[in-house]
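Summary of structural features
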Amino acid sequence: MPRASSTRSPAPAATAAVPEENGAAPADKNSSIESIANDIATAIVEKRLPPGTWLREEALGRVYSVSRTKVRAALLMLSKDKLIEMIPDKGAFVSQPSVEEAREVFAVRRILESEVVRLFVASARARDYQALEQHIKFERTALRQSTTMGTVREKLLGDFHVTLAEATGNRTLAELVRELVARSSLIAMLYHSSNDPHCSSDEHAEFLRLCRKGDVEAAVKSMTEHLERIEASLELGTEKPDRQLDLVKALLA
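Now for a look at the structure at hand. (Residues numbered from 1 in each chain as written. Predicted model: local features only at pLDDT ≥ 70, side-chain atom pairs only at ≥ 80, totals over all residues. Heavy atoms only, no water.)

**Here we look at the packing of helix α8 (residues 197-213) against helix α9 (residues 216-232)**
Working note: a packed helix pair is described by the angle between its axes plus the distance between those axes. Formally: Fitted lines through C-alpha atoms serve as axes, helices being fitted only where they are in contact, and the angles separating the N-to-C directions of these axes extend from 0 to 180 degrees. Where helices and strands are cited, they refer to DSSP runs of H or I of at least four residues and of E of at least two residues respectively, numbered from the N terminus. Just so you know how the angles are binned, under 35 degrees is roughly parallel, over 145 roughly antiparallel, 65 to 115 roughly perpendicular, and the rest oblique. By definition, turning the near helix anticlockwise from the far helix through less than a right angle yields a left-handed crossing, and turning it clockwise yields a right-handed one. The contact rule is simple, with two residues in contact once any of their heavy atoms fall within 4.5 Å. Any residue outside Ala, Val, Leu, Ile, Met, Phe, Trp, Tyr, Cys, Pro, Asp, Glu, Lys and Arg is labelled polar, Gly included; the first ten of those are nonpolar and the last four are charged.
Packing of α8 against α9 leaves a shortest axis separation of 8 Å and a crossing angle of 165 degrees. As far as their axial angle goes, α9 and α8 are roughly antiparallel. The crossing of α8 and α9 is left-handed. Here α8 contributes Cys199, Ser200, Glu203, His204, Phe207, Leu210 and Cys211 to the contact with α9, which in turn contributes Ala218, Ala219, Ser222, Met223, His226, Arg229 and Ile230. In terms of residue class, the contact of α8 with α9 is built from 8 nonpolar, 4 polar and 2 charged.

The following block contains the structure:
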């Protein structure tokens with residue numbers, strides 16, 4: 001995974017605070033560095049921790065009942081995936097992608113996922129198509145249920161791209177797509193995406209139909225246009241103030 005190199009300083013206004021009483025999570029002395037990192041990453045991707053949120057080590061230590069050393073190691077893992085920024089003498093913050101970075105992420109996704117499509121069509125088995133068709137059914141079920149959180153729907157839509165990459169059998173490629181999808185979620189949160197999830201799910205279904213036909217170039221074009229539409233739904237250049245969040249509530253929601 002690429003290492004964080006940003007020199008921008010996220011605004012510390014969005015501080016993740018932990019109440020002194022009745023706010024901590026149930027103690028889990030066995031929380032691993034990986035599980036802590038995965039939990040925080042999930043909270044970020046599901047938009048429970050917005051860009052700019054200050055991830056205080058002592059607060060996270062209380063949430064997971066672990067030492068600050070263990071928390072710091074988990075945060076370092078996330079910084080390598082560009083989900084958070086480690087600012088010397090300030091702390092860790094949920095990343096706030098710039099407009100330029102947002103455009104770069106989608107540009108790279110179009111290049112990378114075009115290759116994913118070519119590899120998928122060339123090597124996909126019946127079970128791979130079945131898995132993706134099942135995923136689209138999950139998407140549509142979530143879209144029909146009014147009680148389903150918008151963040152859950154959006155995560156399902158992003159996971160389609162990860163599942164597609166995993167089906168190629170190239171683990172490195174799948175890891176890169178997973179990272180870019182997570183960063184895209186941050187970008188969508190910061191720049192207030194107006195993407196219609198119904199439209200995205202329909203596009204996933206049409207894309208898969210073209211793959212089944214073996215029409216590689218049409219499938220690549222479908223994926224590229226899909227990503228272009230998602231990027232076009234962003235209000236790039238209009239960064240909004242971050243919300244104040246309670247870290248315990250956010251992580252345990």
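**Describing unusual backbone geometry**
The cut-off we apply is this: Only protein chains enter the area calculation, which uses a 1.4 Å probe; residues under 20% of their type maximum are buried, those over 50% are exposed, and those in between are partly exposed.
With a phi angle near 65 degrees, lysine 82 is a residue other than glycine that sits in the positive phi range. With respect to the element layout, lysine 82 can be found in the loop between α3 (68-80) and β3 (84-87). Here aspartate 89, not a glycine, exhibits a phi torsion of approximately 65 degrees, which is positive. Given the relative accessible area of 86%, aspartate 89 is considered exposed.

**A few points about the packing of helix α1 (residues 33-45) against α3**
Relative orientation of the contacting elements α1 and α3 amounts to 55 degrees, with a least axis distance of 8 Å. In terms of orientation, α1 lies oblique with respect to α3. Here α1 runs over α3; the crossing is right-handed. On α3, the residues touching Ile33, Glu34, Ile36, Ala37, Ile40 and Ala41 of α1 are Lys70, Ala73, Ala74, Leu75, Met77 and Leu78. Across the contact of α1 with α3, the residue classes tally to 10 nonpolar, no polar and 2 charged.

**Side note on helix α7 (residues 171-190)**
Selection criterion: Multiplying one less than the number of residues by 1.5 Å gives the expected span of a helix. We call two N or O atoms a polar contact when they sit within 3.5 Å, provided that within protein one can donate a hydrogen and the other can accept it, with sequence-adjacent residues counted only if both atoms are side-chain atoms.
Between its terminal C-alpha atoms α7 stretches 29 Å, which fits the 28 Å expected from 20 residues at 1.5 Å a residue. With respect to burial, α7 is a largely interior element, 15 of its 20 residues being buried. Capping the start of α7 is the job of one residue whose side-chain oxygen sits 3.2 Å from the backbone nitrogen of threonine 172: asparagine 170.

Geometric descriptors of this kind do not, in isolation, establish any biological role.
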